[in-house]
Each structure stands twice: as structure tokens, then as C-alpha cells.
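# Coordinate analysis (summary)
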Amino acid sequence: MGGHRCLRGTLVPVEVVTMLRGLLSVRMKAAERAVREGRLDDALRMAEQPDIASHARSDALLGQLAKAFLARAREHYRAERFTEALIDLGKCERCGGKPDDIVELREQVMTVAQEVARQEADRRRRVEEARRCVDGGSLAAGKRLLQSFAESDDDLAQIRKEILDRERRCAELLAQAERHFGERQMAAAVDHLLRAARL
């Protein structure tokens, strides 16, 4: 049977077998190109197709993918994109990446992610506490709480601005109260003092 080949238990014409092998080779090259171009998720989808997975070059493809996913996970980790880092580590694992490398980086990601979450929770708590102080009229206490924060924090910048506005308005009210007191307009002076106290 020179004109036929056995393909998965079925006799198939040689031309068809040659064509199928050619298509498989094209798809394998497309997967390898996707890795080189950094389209790792596309490459992984292709690499996991049964015919590509059984190709002679599939182990090399998966090895390249594992390294690329590990490198991308490290980039995510450095940028504090912890969820994305963990997802890429899972993909690295699917590609047969080195377990020691995966476990080590996963532990680092989890440790730092937990610390960042703890710091953010602490920041939110102190912002809320500063807000309560300002709303309750204790501008000095609010200022003290804000001193330990970075100037670039948007939530805190808003509270700082509000403290400055209240201090300015308070100073204006006190000056007006003093003027009224000097003019013996006691009711107006008391009214301005009370309004300043509420601020």
C-alpha cells in the first residue's frame, strides 16, 4: 500500500498525511512565533492543543513558555500586580516550569501582597480616623495623624486641604468676633465664636 499511510488506525492517502503534517508544522511555527513576540497566552492556547502537544518540538515550546511566564510573573511582582503574578505562575506550572522557582516566587508574592494589604488597611484606618477628627473639630489631631503619610496620597491631600480651609475660615471668624467684641456687639461676637468652635 504505497499510496496510503496508517494515521490513528486508519489508512489515509499519503497526500493527505503530508498535508496534515504541513499544517501541523505551520501551527507549531505560529506557536513558537507567538512566544518570541511575547503573546504568551496565545502560545499557551496553541501549545495545549492535542496535536501540538504531541509534536516532537512541544517540550521545547513548553520550556520556552515556562521561562517566559516566570519572567512575566517576576515583572508583575516587581510592579505589585500580585494577582497577575500568581496567574502567570499557574501558567508556568502548566507548562512544566521548575517547581522550586515557582514555589519560591509564589511565597514571595504572597508575603509581600499580605504586607501591602496590611499597610493599605492601616492607611485606610488612619485616614478614617483623621476624617473623624476633622469632622469633630479637632484640626490639630487631624494634622498630627496626617504627618506620617506621603504627600502624594489623594485621600489625604483632600483632608489636608479641608483642614487648611477650616483653619482659614476659623481665623476669619475669630477676627470678626474680636471686632464685634471691640464694638460691644456681644451677640454677634458670641455667634462668630460659636461658629469658629464648630469648625
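Remember, it's a predicted structure, so these values are computed and weren't measured experimentally.

### Quick word on helix α2 (residues 40-47)
An α-helical turn contains 3.6 residues, so any two residues separated by three or four positions project in the same direction. L40, A43, L44 and A47 are the residues of α2 that are buried. The buried side chains of α2 occupy one side of the element, clustering within an arc of 100 degrees when seen end-on.

### Focus: the environment of M28
As for its placement among the helices and strands, M28 is situated in helix α1 (residues 14-36). By relative accessible area, M28 is classed as buried at 0%. Each C-alpha atom, one on M28 and one on A43, is 9.4 Å from the other, the two residues being 15 residues apart in sequence.

### Describing the pattern of salt bridges
According to the stated counting rule, one finds 16 salt bridges in the structure shown. Salt-bridge contacts for D42 lead to R45; the nearest nitrogen and oxygen are separated by 2.3 Å. Of this pair, D42 and R45 both sit in helix α2, 3 residues apart, which is roughly one turn of the helix. According to the relative accessible area criterion, D42 is partly exposed, its value standing at 27%. Residues D88 and R72 are paired through a salt bridge, measuring 2.6 Å at the closest nitrogen-oxygen approach. Taken together, the residues span a long stretch of sequence, with D88 in helix α5 (residues 82-94) and R72 in helix α4 (residues 58-78) at a distance of 16 residues. Taken together, the salt bridges that share partners define one network made up of E37, R39, D42 and R45.

### Overview of helix α7 (residues 139-146)
Buried within α7 are the following residues: L139, A141, G142, L145 and L146. Along the long axis of α7, the arc covered by the buried residues comes to 160 degrees, so they all point the same way.

How each quantity is defined
Residues numbered from 1 in each chain as written. Predicted model: local features only at pLDDT ≥ 70, side-chain atom pairs only at ≥ 80, totals over all residues. Heavy atoms only, no water. Buried < 20%, exposed > 50% of the residue type's maximum accessible area, 1.4 Å probe, protein only. Helix = DSSP H or I, 4+ residues; strand = E, 2+ residues; numbered from the N terminus. Arc of directions from axis to C-beta. Salt bridge = Lys/Arg side-chain N within 4 Å of Asp/Glu carboxyl O.

Just geometry here; none of it tells us what the structure is for.
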